[in-house]
Amino acid sequence: MPNIILRAPELEDIQSIYKWENDENVWADSCTIAPYSLNQLTEYIANYDGDIFKTRQLRLMIEDSDTGETVGCIDLYDYDPINNRCFIGFIIDPKNRLKGYAHAAVDKTVDYCKSRLSMVQLAAITSVDNIGCKKVLINNGFTCSGLLRKWIKTKRQEYIDAEILQLDLDRNTQ
């Protein structure tokens, strides 16, 4: 597994984030419906608030600690502090896929959610076609807990099923 660090977004990440957010091939899984402008993303980074308790979300950049290269990002979103749960999503730059970065980032994020945020549940919703994402999540202990029929609209205006994958972080069951 590669050595990585998770860090807050910086302005130097703008081109990478712009490329990833505007890749129509991942819009279905991320529920994106329109491209982001450089100005929107610059404002997002400039005003970034890493306080998950206030914003109910947290974006972290995945950086290879040996090379310093930013290889992707991982998000915690729809954070629910009452029930101590949230959703997780990630993207790895296509040139860095299948190198273990996603697995390492999910592993570190799971540890952060348990140890720092005292969360008890993490969940992800992904299309049944997103084999790579499902493999990373399952290899990090997530299990399929449900099927959502016709959940995601594709570029071809068809609907495909999605799966809910869930990880129980409760220390008493680990």
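All residue numbers refer to positions counted from 1 along the written sequence of the respective chain. Local features in a predicted model are, by the rule used here, given only for residues with pLDDT of at least 70; side-chain atom pairs are given and counted only at 80 or more, and totals for whole chains, interfaces and linings are based on all residues. With hydrogens and water set aside, each side-chain value is computed from the structure's full complement of heavy atoms.

Here's the deal with the overall build of the protein chain
Point 1. A run of H or I in DSSP becomes a helix once it reaches four residues, and a run of E becomes a strand once it reaches two; helices and strands are each numbered from the N terminus. A tally of regular secondary structure across the protein chain gives six helices and seven strands.
Point 2. Taking the principal axes of its C-alpha atoms as reference, the protein chain extends roughly 45 × 40 × 35 Å.
Point 3. Here the protein chain holds 174 residues, and 40% of them are scored as buried.
Point 4. Intrachain contacts of the protein chain at a sequence separation of at least 6 include 58% that bridge at least 24 residues. Accessible area is worked out with a 1.4 Å probe on protein chains only. A residue is then buried under 20% of its type maximum, exposed over 50%, and partly exposed in between. Contact criterion: two residues are considered in contact whenever any of their non-hydrogen atoms come within 4.5 Å of each other.

Considerations on the side chain of Arg59
Point 1. Checked against the element boundaries, Arg59 lands in strand S2 (residues 58-64).
Point 2. Classification of Arg59 by relative accessible area gives buried; the value is 9%.
Point 3. Pairs of N or O atoms within 3.5 Å make up the polar contacts considered here, provided that, within protein, one atom can donate a hydrogen while the other can accept it, and that residues adjacent in sequence are counted only when both atoms are side-chain atoms. In terms of polar contacts, Arg59 uses its side chain to reach the side chain of Asp75, at 2.7 Å.
Point 4. With residues near it in sequence (within four places) discarded, Arg59 still touches Arg7, Ala8, Pro9, Ile17, Glu21, Tyr44, Tyr48, Cys73, Ile74 and Asp75.

What to know about the sheet that holds strand S7 (residues 159-168)
Point 1. In this description, strands pair whenever DSSP reports at least two bridges between them. The strand order across the open sheet built from seven strands is S1-S2-S3-S4-S5-S7-S6, with neighbouring strands paired in mixed fashion. Sheet topology places strand S1 (4-7) and strand S6 (143-153) at the edges, where each strand pairs with a single neighbour. Averaged over all adjacent pairs, the angle separating strand axes in this sheet is 25°, with direction ignored.
Point 2. Note that strand S3 (residues 70-80) and strand S4 (residues 85-92) share seven bridges and pair antiparallel. Bridging from a neighbouring strand, Ile74 pairs with Phe90 of S4. Interaxial angles span 0 to 180 degrees and are taken between N-to-C directions of axes, which are lines fitted to C-alpha atoms, for helices over the stretch in contact.

Some remarks on the pattern of salt bridges
Point 1. Within this document, salt bridges are pairs made up of a side-chain nitrogen of Lys or Arg and a carboxyl oxygen of Asp or Glu, the two lying within 4 Å of each other. Enumeration over the complete set of coordinates arrives at 10 salt bridges.
Point 2. Note that Lys19 and Asp93 form a salt bridge whose closest N and O atoms lie 2.6 Å from each other. Of this pair, Lys19 sits in helix H1 (residues 14-21) while Asp93 sits in the loop between S4 and helix H5 (101-115), and the two are 74 residues apart along the sequence.
Point 3. A salt bridge links Arg85 to Asp80; its shortest N-O distance comes to 3.4 Å.
Point 4. What makes Asp80 buried here is its relative accessible area of 17%.
Point 5. Salt bridges sharing common partners tie together Arg7, Asp13 and Glu63.

Things to note about the packing of H1 against helix H3 (residues 38-46)
Point 1. Look at H1 against H3: their axes get within 10 Å of each other, and the N-to-C directions meet at 120°. In this view, H1 runs oblique relative to H3, as classed from their interaxial angle. Considering only the axes of H1 and H3, their crossing is right-handed. Where H1 approaches H3, its residues Ile14, Gln15, Ile17, Tyr18 and Glu21 are matched on the opposing element by Leu38, Leu41, Thr42 and Ile45. Here the word oblique covers every angle except those under 35 degrees (roughly parallel), over 145 (roughly antiparallel) and from 65 to 115 (roughly perpendicular). By the definition used in this description, the sense in which the near helix is turned from the far one sets the handedness, with an anticlockwise turn below a right angle giving left-handed and a clockwise turn giving right-handed.

Side note on the pairing of S6
Point 1. The pairing of S6 with S7 spans seven bridges and is classified as antiparallel. Across the sheet, Thr143 pairs through a bridge with Gln166, a residue of S7.

A word on the environment of Pro94
Point 1. On the secondary structure map, Pro94 appears in the loop between S4 and H5.
Point 2. A C-alpha to C-alpha distance of 13 Å links Pro94 and Glu21, two positions 73 residues apart in sequence.

Overview of the environment of Lys19
Point 1. Since its relative accessible area comes to 45%, Lys19 is described here as partly exposed.
Point 2. Taking the C-alpha atoms as reference points, Lys19 and Ile5, 14 residues apart in sequence, are found 21 Å from one another.
Point 3. Separated by 2.6 Å, the side chains of Lys19 and Asp93 make a polar contact.

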